[in-house]
Amino acid sequence: MVTTIDEPRIRPEWLLGGAVTLLGAIIIIVVTLVLGAREDAPVITPVDATELTVGTCAEDLRQPHWVPKTITRAVVECPADISAGIGRTTAEDHLGTWISYPLDGPENEETFRGGPGLAWPEEEVRAGAYHPLSAITYVAYPGSAELSDELSGDNVTVETEDLAGSGGTVRVTRVDNNGFGPVRLEWSDDAGSYLLLSTIGRTPTGNAGPTMAELLRIADSVAADDE
Amino acid sequence: MPTTRTWLQAGGGTVVAALIIAAVAQAMNSSAMWVSNDPVGECGQTSGGAVVAAQNVLSAGTGLKPVDGLWDAESEVATKAFQAYNGLPVNGCVDTGTWVTMRALMVSLCDPEFECRGPDHRVRYAAPDGAREAYFADNDCDWGSYVLPGVARSPVPSNKVMALSRDAVTEIECEG
């Protein structure tokens, strides 16, 4: 008697199904990894804004202790850097130290694509679609008690505002173009004089830049925790 | 009783004094406030020192290149973008409101009680790849533009202070 034992056969449809399943699994893993890598790093807002300048020449400078949550970094320019940029024409000890705080968020991003020209559609230009990155600039002039010359003009308002926390006052200069335009806050104390500058910008979807309340709070925080 | 001649002398003296005061006030305003510039663009000057100044601010604010003191279509588009973002009427003309807005963006490099030498004010915009800057000088006689290499193009030289109020592109000379 001859017994025929059928060897187990791998049916082609099983092979095809396994390959498709394996390929699907690989695709899912790869896509997950790629998307995971592209996710923004968690935004860590410092408890004290002075942490943003640790390790720079502004580390010991009198500076804001508070900034809006949409600010996660600061760019510091030291007097030596500025002096080098203008050909060392003036003494470094009279130059201010600059801290620039870029604001996050789509409305604050720079939207220029190439230089200005006819490739920029007229309607989009008129709507404010082409705008720079929003930032708040803080400049400290240690050892100076003076403020810059007061600006004037039909669209300029100059007012004095009290700072609730520190008890000081600031000179607020606004170029008020229908609620938009540059804002300057300037003040001095026994250690120096200071300037905060930003622009409340008009974009197609609303406003770019900080609010007046935020700028005043930043100025107020400079004197916080002074000993 | 004052005679007619006395009245005429008094009136003439008053008019002359008023004219002198007005001239001094105008001179102080134009040198210190940087708002009395002539319009630049299709509505005004299309070449010269004022055009250099406007283009210098626009280079920082919008990335306009080059700064050559000659008004063109790119300069007008840059002006419109600057005006729109700052809430100004969008007309492509650097008029008084636009000049004042540009002036408010300038920050002194030195402490305000110290007289810097060379470029002493700056307009600075943060940018994704660093920053765009334009420098100016507030000399005793006039404001001047200081254009960076890579942005300036002949007849505007880089790293020289160019007079803002001259019709032609000219290096600043306070002695004159």
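Position numbers for residues count from 1 along each chain, tracking the sequence in the order it is written. Both sets of labels track the order of writing: A upward for chains, 1 upward for ligands. The model is predicted, so local features are restricted to residues of pLDDT at least 70 and side-chain atom pairs to those at 80 or more, both for listing and for counting; the totals for chains, interfaces and linings are taken over all residues. Computation of side-chain values covers all heavy atoms of the structure but excludes hydrogens and water.

- Per an unreviewed UniProt entry, chain B goes by the name Peptidoglycan binding-like domain-containing protein and belongs to Promicromonospora umidemergens.

- Chain A is annotated in an unreviewed UniProt entry as DUF4245 family protein of Promicromonospora umidemergens.

1. Topic: the overall build of chain A
Phase 1: Check the secondary structure of chain A and you find four helices and eight strands.
Phase 2: Under the scheme used here, helices are H or I runs from DSSP no shorter than 4 residues and strands are E runs no shorter than 2 residues, and both carry numbers assigned from the N terminus. Walking chain A from its N terminus toward its C terminus, one meets helices and strands in the order α-β-α-β-α-β-β-β-β-β-β-α.
Phase 3: Three exposure classes are used, based on accessible area relative to the maximum for each residue type with a 1.4 Å probe and protein chains only: buried under 20%, partly exposed in between, and exposed over 50%. In chain A, buried positions account for 41% of the 227 residues.
Phase 4: Looking at chain A alone, contacts between residues at least 24 apart form 53% of all its contacts between residues at least 6 apart.
Phase 5: Methods summary: accessible areas were calculated by the Shrake-Rupley approach with a probe of 1.4 Å, and residue burial reflects only the protein chains presented. If you sum the accessible surface of chain A, you get close to 12,800 Å²; carbon and sulfur atoms cover 55% of it. Here a residue-residue contact requires only that any non-hydrogen atoms of the pair lie within 4.5 Å.

2. With respect to the interface of chain B and chain A
It is common to report an interface's size as the accessible area lost on association of the parts.
Phase 1: In this assembly, 48 residues from chain B lie in contact with 58 residues from chain A.
Phase 2: Note on terms: buried area is the combined drop in 1.4 Å-probe accessible area of two parts once they are placed together, counting the loss on both. A buried area of about 4,400 Å², summed over both sides, lies between chain B and chain A, and 60% of it is on carbon and sulfur atoms.
Phase 3: A salt bridge links Lys80 of chain B to Glu122 of chain A, with the shortest nitrogen-to-oxygen separation between them at 3.1 Å.
Phase 4: Counted as a polar contact is a pair of N or O atoms within 3.5 Å, where, for protein atoms, one must be capable of donating a hydrogen and the other of accepting one, and residues adjacent in sequence contribute only when both atoms are in side chains. Put simply, chain B and chain A have 16 residue pairs in polar contact (both at pLDDT 80 or more) between them.
Phase 5: Breaking the side of chain B that touches chain A down by element, the ones donating at least two residues are α1 (4–33), α2 (49–62), α3 (73–85), α4 (96–104), β1 (107–108), β2 (121–127) and β3 (130–138) of chain B.
Phase 6: A total of eight residues in the side of chain B that touches chain A trace back to one element, the largest contributor, which is α3 of chain B.
Phase 7: Each residue is assigned to one class: nonpolar for Ala, Val, Leu, Ile, Met, Phe, Trp, Tyr, Cys and Pro, charged for Asp, Glu, Lys and Arg, and polar for all the others, Gly among them. Of the residues that constitute the side of chain B that touches chain A, the class distribution is 28 nonpolar, ten polar and ten charged. Every case where a carboxyl oxygen of Asp or Glu lies within 4 Å of a side-chain nitrogen of Lys or Arg is listed as a salt bridge.

3. As for the state of the cysteines
Phase 1: Disulfides are defined in this document as cysteine sulfur pairs within 2.5 Å. Counted under the stated rule, the structure contains three disulfides over all chains.
Phase 2: For Cys57 of chain A, the disulfide goes to Cys78 of chain A, at an S-S distance of 2.1 Å. As the torsion about the S-S bond is roughly -105°, the Cys57 of chain A-Cys78 of chain A disulfide counts as left-handed. Taken together, the positions of Cys57 of chain A in the loop between α1 (12–38) and β1 (75–77) and Cys78 of chain A in the loop between β1 and α2 (79–85) put the pair 21 residues apart, joining distant regions of the chain.
Phase 3: Given the relative accessible area of 41%, Cys57 of chain A is considered partly exposed.
Phase 4: Using a relative accessible area of 17% as the deciding quantity, one classes Cys78 of chain A as buried.
Phase 5: Two residues share a disulfide in this structure: Cys110 of chain B and Cys116 of chain B, whose sulfurs sit 1.7 Å from each other. Here the S-S torsion is close to 110°, and the disulfide linking Cys110 of chain B with Cys116 of chain B is therefore right-handed.
Phase 6: The class of Cys110 of chain B is buried, set by a relative accessible area of 0%.

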